[in-house]
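Residues per chain, in single letters:
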Amino acid sequence: MSLSEYRLAFDGAILARGFWIYVWKIQHAGEIAVYVGRTGDSSSPNASSPFRRAGQHLDLKIGAKGNSLLRAIEGLGWKAQCCRFEQISLGPFFSEQNSMESHTPYRDRVAAIEFAVSQVVGSEFCLIGTHGSSHAVH
């Protein structure tokens, strides 16, 4: 059996929970796609770290629910195991909140930022994933 070596390096600050924006650059066979995302759930008052979200995004398990990045990559006809990934994270813009009532305004603000970033990135690169917000950036 032949073993290969792979490396992962990151700043521990990326482990902080809260409201983050992140941009993935995915390379496959000379092509590049970009994915923009955020932390801060729509269904609960949770706002995880970009590091935790990365694992969810690329979960290969059948039936995985939070792997929208993986599904977008597969939608291009790419196999995730054949891609090179780079993530840039910005934040946290806000800390994680204790209730849905206090969570929602921050979630909506970060969703507006995510949408604005996706519009800029999408004008220059192949943007994958779904992006939308009815909220203004402020």
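The following refers to the structure shown. (Residues numbered from 1 in each chain as written. Predicted model: local features only at pLDDT ≥ 70, side-chain atom pairs only at ≥ 80, totals over all residues. Heavy atoms only, no water.)

### Topic: the overall build of the protein
At step 1: Scanning the protein from terminus to terminus reveals 3 helices and 4 strands.
At step 2: Reading the protein from its N terminus to its C terminus gives the helix and strand order β-β-α-α-β-α-β.
At step 3: Radius of gyration (C-alpha) of the protein: 16 Å, near the 14 Å computed for a compact globule of 138 residues.
At step 4: Taking the principal axes of the C-alpha coordinates as reference, the protein spans close to 55 × 30 × 30 Å.
At step 5: Burial statistics for the protein: of 138 residues in total, 35% are counted as buried.
At step 6: Within the protein, contacts between residues at least 6 apart in sequence are counted, and of these 66% link residues at least 24 apart.
At step 7: When the accessible area of the protein is evaluated, it comes to approximately 8600 Å², of which 53% is carbon and sulfur surface.
At step 8: Averaging the coordinates of the 13 positive side-chain charges in the protein and doing the same for the 12 negative ones gives two points 4 Å apart. (Helix = DSSP H or I, 4+ residues; strand = E, 2+ residues; numbered from the N terminus. Rg over C-alpha atoms; globule rule 2.2 N^0.38 Å. Buried < 20%, exposed > 50% of the residue type's maximum accessible area, 1.4 Å probe, protein only. Contact = heavy atoms within 4.5 Å. Areas by Shrake-Rupley, 256 points an atom, 1.4 Å probe, with all protein chains shown as cover. Lys, Arg positive; Asp, Glu negative; His and termini not counted. Charge placed at Lys NZ, Arg CZ, Asp CG, Glu CD.)

### Observations regarding the packing of aromatic side chains
Aromatic ring pairs: the centre-centre distance and the angle between the two ring planes describe each pair.
At step 1: Under the defined criterion, the tally for this structure stands at 5 aromatic pairs.
At step 2: With 6.1 Å between their ring centres and 40° between their planes, phenylalanine 19 and tyrosine 106 make a pair best called tilted. Linking phenylalanine 19 in strand 1 (residues 19-28) with tyrosine 106 in helix 3 (residues 100-122), this pair joins segments that are 87 residues apart in sequence.
At step 3: Here tyrosine 106 falls in the partly exposed class, since its relative accessible area comes to 27%.
At step 4: Seen in terms of ring centroids, phenylalanine 94 and tyrosine 106 are 4.6 Å apart; in terms of plane orientation they differ by 40°. Their pairing is tilted. With phenylalanine 94 in strand 3 (residues 84-94) and tyrosine 106 in helix 3, this residue pair connects regions lying 12 residues apart in the sequence.
At step 5: Ring-pair connections join several aromatic residues into one group, and the members of that group are Phe19, Phe94 and Tyr106. (Phe/Tyr/Trp six-rings, centres within 6.5 Å; stacked < 30°, edge-to-face > 60°.)

### A look at the nonpolar core
At step 1: In this structure, Tyr22, Trp24, Ile26, Ala33, Tyr35, Ala54, Leu69, Ala72, Ile73, Trp78, Cys83 and Ile128 together form the largest nonpolar core, which totals 12 residues.
At step 2: Those elements that place two or more of their residues in this core are strand 1, strand 2 (31-38) and helix 2 (68-75).
At step 3: Among residues more than four places away in sequence, those in contact with isoleucine 128 are Ile26, Ala33, Val34, Tyr35, Leu69, Ala72, Ile73 and Leu76.
At step 4: Counting residues in each nonpolar core, the second largest holds 6 residues, with Ile21, Phe94, Val110 and Ile113 among its members. (Core = buried A, V, L, I, M, F, W, Y, C linked by side-chain atoms within 4.5 Å.)

### Looking at a nonpolar patch on the surface
At step 1: Residues Leu8, Phe10, Leu15 and Phe51 make up a contiguous nonpolar surface patch of roughly 420 Å² in combined accessible area.
At step 2: Secondary-structure assignment places leucine 15 in the segment before strand 1.
At step 3: Note on leucine 15: relative accessible area 45%, which makes it partly exposed. (Patch = residues over 30% accessible without salt bridge, like charges linked within 9 Å, V, L, I, M, F, W, Y side chains within 5 Å. Salt bridge = Lys/Arg side-chain N within 4 Å of Asp/Glu carboxyl O.)

### Considerations on helix 2
At step 1: Along helix 2, the positions that sit buried rather than exposed are Leu69, Leu70, Ala72 and Ile73. Here the buried residues of helix 2 occupy an arc of 160° about the axis, which is enough to place them on one side.
At step 2: Buried residues in helix 2 make contact with strand 1, strand 2, helix 1 (50-57), strand 3 and strand 4 (127-128).
At step 3: Glycine 77 occupies a position one or two residues after helix 2 and carries a positive phi of about 85°. (Arc of directions from axis to C-beta.)

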